[in-house]
Amino acid sequence: MGRWVGDNWCWDFQWRRNMFEWERAEWLEVESRIQNIDLRMGNLDCWEWIVGDDKIYTVKSAYKVLHYQKYGSEQHSLITSVWKLNIPPKGAIVVWQIFMNSLATCDNLLQRNIILPELESICKFCNEETESTSHVLFTCKVSDWLWKKCYNWASVSTVLSALLTQHFGKLPYSNLSAAVSKRWRVIVWCAIMWLLLGKRNNCGFKSQTCDIQLLYVEAQRTVWSWLRMEKNFKYTYMQWVVNSGACISN
Ligand SMILES: [Zn+2]
């Protein structure tokens, strides 16, 4: 295993057999890690959790590391921020599922080797294209129409990304105050997401049809009711319907 040379420890590993090729890469990883450990004679040997400043192991810290490795820094901070949003818990759960890419859409089911019959794989909104998370939430002609109607509240026509983080980051203007940005990004975005998924489930499992004008009215009502959870948002539903953009901005 090794020996002391003066006050320094020198590793000297000896193996019972030659390594398989796949073991070699793992060994190089271990070797690179232990090279950085400075063992000193007389110092007490103990376990140390190197993640976090307090060096104490917790399940939460381990979850954080694994989560970070799996989703990357940008996605990780978005996912963890979901639970701090001032939105109804049902909305937070849906948005969290979206960021975790864990919705039971056809593309995600296929990754788990669940193959749906062709008829059930079709988008429940347009009945034209194969369902995927990205299609249902962003690129389907129904979803895209609804997003653009909502962005019209700010009197802008915009091109929206089919990528989750870019879509979430999209604001109608670049110079909005933090409070107004939060309303757009957090409340409007999350409310529309929640509505679209609920509608998609109703179309798929309850055989309801999607009336886009009715969907837009539901979107107006949902976003308004979520904005009303803010104590500074005092507008009545009629004021909201007449000029939604002004209500968000003031
Ligand atoms: Zn569609």
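For interface size, the figure often reported is the accessible area lost on association. Taken domain by domain, the protein chain consists of domain 1 (2–35), domain 2 (47–84) and domain 3 (86–249). The gap between the C-alpha centroids of domain 1 and domain 2 is 29 Å.

Moving on to the packing of helix 8 (residues 178–205) against helix 9 (residues 212–227). The relative placement of two packed helices is expressed as an angle between their axes plus a distance between the axes. Two numbers describe how helix 8 lies on helix 9: the axes approach to 9 Å, and their chain directions differ by 135°. The angle between helix 8 and helix 9 falls in the class oblique. Considering how the two elements wind past one another, helix 8 and helix 9 form a crossing that is right-handed. When helix 8 is examined against helix 9, the residues Arg-183, Ile-187, Val-188, Cys-190, Ala-191, Ile-192, Trp-194, Leu-195, Leu-196 and Lys-199 are found in contact with a partner set consisting of Leu-215, Glu-218, Ala-219, Thr-222, Val-223, Trp-226 and Leu-227.

Before going further, it helps to examine the packing of aromatic side chains. For the coordinates displayed, the defined rule picks out 21 aromatic pairs. Here Trp-83 and Trp-96 contribute two aromatic rings whose centre-to-centre distance is 5.8 Å and whose plane-to-plane angle is 45°, an arrangement assigned as tilted. One end of the pair, Trp-83, is in the loop between helix 2 (59–81) and helix 3 (89–99); the other, Trp-96, is in helix 3, with 13 residues separating them in the sequence. Given the relative accessible area of 47%, Trp-83 is considered partly exposed. Three or more aromatic residues joined by ring pairs form one cluster here, namely Trp-4, Trp-9, Trp-11, Phe-13, Trp-15 and Trp-27. Against the face of Tyr-216 rests Lys-149, its NZ or CZ located 4.6 Å from the ring centre.

Moving on, we come to the coordination of the zinc ion. Note on the zinc ion: its protein donors are Cys-123 (SG), Cys-126 (SG), His-135 (NE2) and Cys-140 (SG). The metal-donor distances range over 2.1 to 2.3 Å. One way to put it: the 4 donor atoms around the zinc ion meet at angles of 102 to 118°, and that makes the site tetrahedral.

Conventions used here
Residues numbered from 1 in each chain as written. Predicted model: local features only at pLDDT ≥ 70, side-chain atom pairs only at ≥ 80, totals over all residues. Heavy atoms only, no water. Domains from an automatic or database assignment. Axes fitted to C-alpha atoms, helices over the stretch in contact; angles between N-to-C directions. Helix = DSSP H or I, 4+ residues; strand = E, 2+ residues; numbered from the N terminus. Parallel < 35°, antiparallel > 145°, perpendicular 65-115°, else oblique. Left-handed = near helix turned anticlockwise from the far one by under 90°. Contact = heavy atoms within 4.5 Å. Phe/Tyr/Trp six-rings, centres within 6.5 Å; stacked < 30°, edge-to-face > 60°. Buried < 20%, exposed > 50% of the residue type's maximum accessible area, 1.4 Å probe, protein only. Lys NZ or Arg CZ within 6 Å of the ring centre and 35° of its normal. Donors = N, O, S within 2.8 Å, 3.2 Å for Na, K, Ca; no water. Tetrahedral: all angles 85-135°; square planar, octahedral: opposite > 155°, others 65-115°.

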